[in-house]
Amino acid sequence: MSVIYDRVALIGLGLIASSMWHAIQRAGVAREVTGYARSPETRAIAREIGLCDRVCDSAAEAATGADLVVLCVPVGAMGDVAAEIGPVLKPGATVSDVGSVKKAVIEAVAPHLPEGVHFVPAHPLAGTEHSGPRSGFAELFDNRWCLIVPQAGSDRAAVERLETFWQALGSHTDEMDADHHDLVLAVTSHAPHLIAYTMVGVADDLRRITDSEVIKYSAAGFRDFTRIAASDPTMWRDVFLNNKEATLEVLGRFTEELFALQRAIRTGDGDHLHAYFTRTRAIRRGIIEAGQDTDAPDFGRVKKA
């Protein structure tokens, strides 16, 4: 694979950024990768494990001279980071991100970027419940989707270059507008995470069940809930605060569906339950057939040996 960007800057060095570093190394699509994390401890770990060619002590230092700057920080911090790096961005550079929300990110970041810098938001649909610079692995993006979210008037060459970059990292790419992205992700990611957090919280509140019993007798369904609920709390706090309209709309529809199932259980309507479960089971099969999961329980959750 040929070089796509001479210098890439990764701002934030958690799971996604560290996986990007490994995938960039595997594909050979950048001559140099700089990195920055707000925490001195994280920067020290990154230097210790050889994450990035150069770990910098400020976001501005990392972004100086970069052809592509990727914001890999929580959504709520992106505006402040953009304000810091804006003055040092070189003309023609592309700024992107990996945030799970798009409309709020665009509103927070775009005003801080100078003329001549291309802002092309993106969202790789990949992750695990793990976080930090040690959690990354090159295969995280393989056969996953990365949604590219151009804005009106976006430079097509910059958009296509970023798509080529993500494809080189192993992803499929598609384009989507910001509002639609936020609604789709509210359905496929945000509401499910909130439900998982809630279910684990309910189990914790049931004092008739001791902590040891919840852990000892966890069945597969509850284990999956706890895996999702182990995700980074700062990231998910920011996601819900910055995608509240779409998430609340989806939760409203979820509540309506839940009430219908409650009524079917209460009235003994087995036909309704069977038909509903048959329809939803087919959706799961569709996900597997689309190559976005397998029957293996650990798909996409652990580093490959």
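Cut-offs and rules
Residues numbered from 1 in each chain as written. Predicted model: local features only at pLDDT ≥ 70, side-chain atom pairs only at ≥ 80, totals over all residues. Heavy atoms only, no water. Pairing = 2+ DSSP bridges. Helix = DSSP H or I, 4+ residues; strand = E, 2+ residues; numbered from the N terminus. Contact = heavy atoms within 4.5 Å. Axes fitted to C-alpha atoms, helices over the stretch in contact; angles between N-to-C directions. Buried < 20%, exposed > 50% of the residue type's maximum accessible area, 1.4 Å probe, protein only. Salt bridge = Lys/Arg side-chain N within 4 Å of Asp/Glu carboxyl O. Right-handed = clockwise from strand over helix to strand, strands pointing away.

### Some thoughts on the sheet that holds strand 6 (residues 118-119)
Now for step 1: Across the sheet, six strands lie side by side as 3-2-1-4-5-6; this open sheet has parallel pairing. Each edge of the open sheet carries a strand with a single partner, namely strand 3 (54-55) and strand 6.
Now for step 2: Across four bridges, strand 4 (residues 68-71) lies against strand 5 (residues 94-97) in parallel orientation. Residue pairing for strand 5: Leu 71 is matched across the bridge by Asp 97.
Now for step 3: Of the strands in this sheet, strand 1 (5-11), strand 4, strand 5 and strand 6 touch helix 6 (residues 156-168), which is tilted by about 75° from strand 1.

### What about unusual backbone geometry?
Now for step 1: At Cys 52, a residue that is not glycine, the phi angle is positive and equals roughly 80°.
Now for step 2: The exposure class assigned to Cys 52 is buried, which follows from its relative accessible area of 8%.
Now for step 3: Of note in the backbone geometry, Asn 143 takes a positive phi value of approximately 65° without being a glycine.
Now for step 4: Relative to the elements of secondary structure, Asn 143 occurs in the loop between strand 7 (122-124) and strand 8 (145-148).

### Regarding the pattern of salt bridges
For side chains bearing opposite charge, pairing can occur when the charged atoms are close.
Now for step 1: This model, assessed by the stated rule, comprises 14 salt bridges.
Now for step 2: For the salt bridge of Asp 6 with Arg 31, the shortest nitrogen-to-oxygen distance reads 2.3 Å. Remark: Arg 31 occurs in strand 2 (residues 30-36) and Asp 6 occurs in strand 1; sequence separation between them is 25 residues.
Now for step 3: Through salt bridges that share partners, Arg 7, Glu 32 and Arg 54 make up one connected network.

### Quick look at the pairing of strand 1
The side chains of a regular strand alternate, first on one face of the sheet and then on the other.
Now for step 1: Among the seven residues that make up strand 1, five are buried, leaving the element largely enclosed by the rest of the structure.
Now for step 2: In the sheet, strand 1 pairs with strand 2 via six bridges, with the strands oriented parallel. Bridging from a neighbouring strand, Val 8 pairs with Val 33 of strand 2.
Now for step 3: The parallel pair strand 1 and strand 2, bridged by helix 1 (residues 15-27), forms a crossover whose chirality is right-handed.
Now for step 4: In this structure, strand 1 lies alongside strand 4, joined through four bridges in parallel fashion.

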